[in-house]
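# Results of the structural survey
The residues making up each chain are set out below.
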Amino acid sequence: RNAESIVELVKKAPIKSGNALEIASGTGQHVVKLAAALPLLNWQPSDVDETRIKSIRRWSDDKHLKNLKPPCLLDATIKGWAAEHHGQDLILLVNLLHLISIEETKVLVEEVSKALAPKGRAIIYGPFMRSGELISKSDMEFHQSLISRDPDLGYKNDIDMLNLFGESGLTHLSTNKMPANNLAFITQKP
């Protein structure tokens, strides 16, 4: 349901060619639409789950896009993954940070910074608190359901994310309001 808005957001980025990594590609629906919409970017889908890797392959095989690489297994919460995925002009992450701990989020953002080429951009999309507050009843309920399963999960605070970007060497360019109360942070490596 958010695929079109994500495609439009990425199309507005000045990065029109080069290498693009999608972290946590899930089923593969987003990356297939992105590869079709941005044919000069070479897209690398990834996921931590082998079942989702198979789904990404099926979506990819159906479209036969030359700029869409086979999916790779990637746990972006483990230190060191950037060494294998360095030189990215664009990194996209959609709807993951609320499903991982703050420590894992820190590792992920640090590795994103390392994986980006100079002037490369990262787009991080998902649900976030605004100045420590949840802004809708559905956000409150979803956040509560996450932390009731694991207190380390849940929505991250937008202010904390801005600080984390700076600590990781990323320049925050903009925060975009997206459908369903989501935010998209646009960052750049100097």
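Throughout what follows, the structure given in this document is the object of discussion. A quick note: this is a predicted structure, and the numbers were derived from the prediction, not measured.

## Some remarks on the environment of glutamate 8
Looking at the secondary structure, you find glutamate 8 in helix 1 (residues 3-12). Along the primary structure glutamate 8 and leucine 34 are separated by 26 residues, whereas in three dimensions their C-alpha atoms are 9.1 Å apart.

## Some thoughts on the pattern of salt bridges
Evaluation of the coordinates by the stated rule reveals seven salt bridges. For lysine 11, the salt bridge is made with glutamate 8, and the minimal N-O distance between the two is 3.7 Å. Of this pair, lysine 11 and glutamate 8 both sit in helix 1, three residues apart, which is roughly one turn of that helix. Its relative accessible area of 34% is what places lysine 11 among the partly exposed residues. On the basis of relative accessible area, glutamate 8 is assigned to the partly exposed category, the value being 39%.

## Side note on the packing of helix 1 against helix 2 (residues 29-37)
Remark: helix 1 packs on helix 2, axes separated minimally by 10 Å, with the N-to-C direction vectors making an angle of 40 degrees. Judged by the angle between their axes, helix 1 and helix 2 are oblique. Viewed along their axes, helix 1 and helix 2 form a crossing whose handedness is right-handed. Between helix 1, through Ala3, Glu4, Ile6, Val7, Val10 and Lys11, and helix 2, the contact on the second element is made entirely by His30, Lys33, Leu34 and Ala37. Of the residues belonging to the contact of helix 1 with helix 2, the class tally is six nonpolar, one polar and three charged.

## Overview of helix 2
Because each turn of an α-helix spans 3.6 residues, side chains separated by three or four positions in sequence point in the same direction. Listed as buried for helix 2 are His30, Val31, Val32, Leu34 and Ala35. Tucked into the core, helix 2 has its buried residues touching helix 1, strand 1 (18-23), strand 2 (41-47), helix 3 (50-63) and strand 4 (88-94).

## Section: the layout of surface pockets
Here the largest pocket is characterised by a volume of approximately 510 Å³. The element contributing the most residues to the lining of the largest pocket is helix 2, with three residues. Here the lining of the largest pocket is built from residues that sort into 11 nonpolar, eight polar and six charged.

## A closer look at helix 4 (residues 102-115)
Relative to the 20 Å expected for 14 residues at 1.5 Å per residue, helix 4 spans 20 Å between its end C-alpha atoms, a close match to the ideal helical length. Inspection of helix 4 places Thr105, Val107, Leu108, Val109, Glu111, Val112, Ser113 and Ala115 among the buried residues, and these make up the whole buried set. Tucked inside the fold, the buried residues of helix 4 contact strand 1, strand 4, strand 5 (116-129), strand 6 (156-157) and helix 6 (158-167).

## Some points on the pairing of strand 7 (residues 171-177)
Side-chain positions along a regular strand alternate between the two faces of the sheet. Here strand 7 pairs with strand 8 (residues 182-188) via six bridges, running antiparallel. The residue of strand 8 that forms the bridge with histidine 172 is threonine 187. In sequence, strand 7 turns back onto strand 8 through a hairpin of four residues, with alanine 180 there showing a positive phi of about 60 degrees.

## What to know about the environment of serine 60
Relative to the helices and strands, serine 60 is located in helix 3. On the basis of relative accessibility, which here comes to 11%, the residue serine 60 falls in the buried class. In sequence terms serine 60 and serine 145 are 85 residues apart; their C-alpha atoms lie 33 Å from each other. In this view, serine 60 contacts Val32 and Leu68; residues no more than four positions away in its chain are not counted.

## What about the packing of helix 4 against helix 6?
For any two helices packed against each other, one specifies the crossing angle of their axes together with the interaxial distance. It is at 9 Å that the axes of helix 4 and helix 6 come closest, and there the two elements cross at 45 degrees. As summarised for this structure, helix 4 and helix 6 are arranged oblique, according to the angle between their axes. As helix 4 runs across helix 6, the sense of the crossing is right-handed. Across the interface between the two elements, Thr105, Lys106 and Val109 from helix 4 touch Met161, Leu164 and Phe165 from helix 6. In terms of residue class, the contact of helix 4 with helix 6 is built from four nonpolar, one polar and one charged.

Cut-off values and rules
- Residues numbered from 1 in each chain as written.
- Predicted model: local features only at pLDDT ≥ 70, side-chain atom pairs only at ≥ 80, totals over all residues.
- Heavy atoms only, no water.
- Helix = DSSP H or I, 4+ residues; strand = E, 2+ residues; numbered from the N terminus.
- Salt bridge = Lys/Arg side-chain N within 4 Å of Asp/Glu carboxyl O.
- Buried < 20%, exposed > 50% of the residue type's maximum accessible area, 1.4 Å probe, protein only.
- Axes fitted to C-alpha atoms, helices over the stretch in contact; angles between N-to-C directions.
- Parallel < 35°, antiparallel > 145°, perpendicular 65-115°, else oblique.
- Left-handed = near helix turned anticlockwise from the far one by under 90°.
- Contact = heavy atoms within 4.5 Å.
- Nonpolar A, V, L, I, M, F, W, Y, C, P; charged D, E, K, R; others polar.
- 1 Å grid on protein atoms, 1.4 Å probe; cavity = no way out; pocket = protein on both sides within 12 Å on 5 of 7 lines; lining within 4 Å.
- Points joined across faces, edges and corners; volume = space filled by probe spheres on them.
- Expected span 1.5 Å × (residues − 1).
- Pairing = 2+ DSSP bridges.

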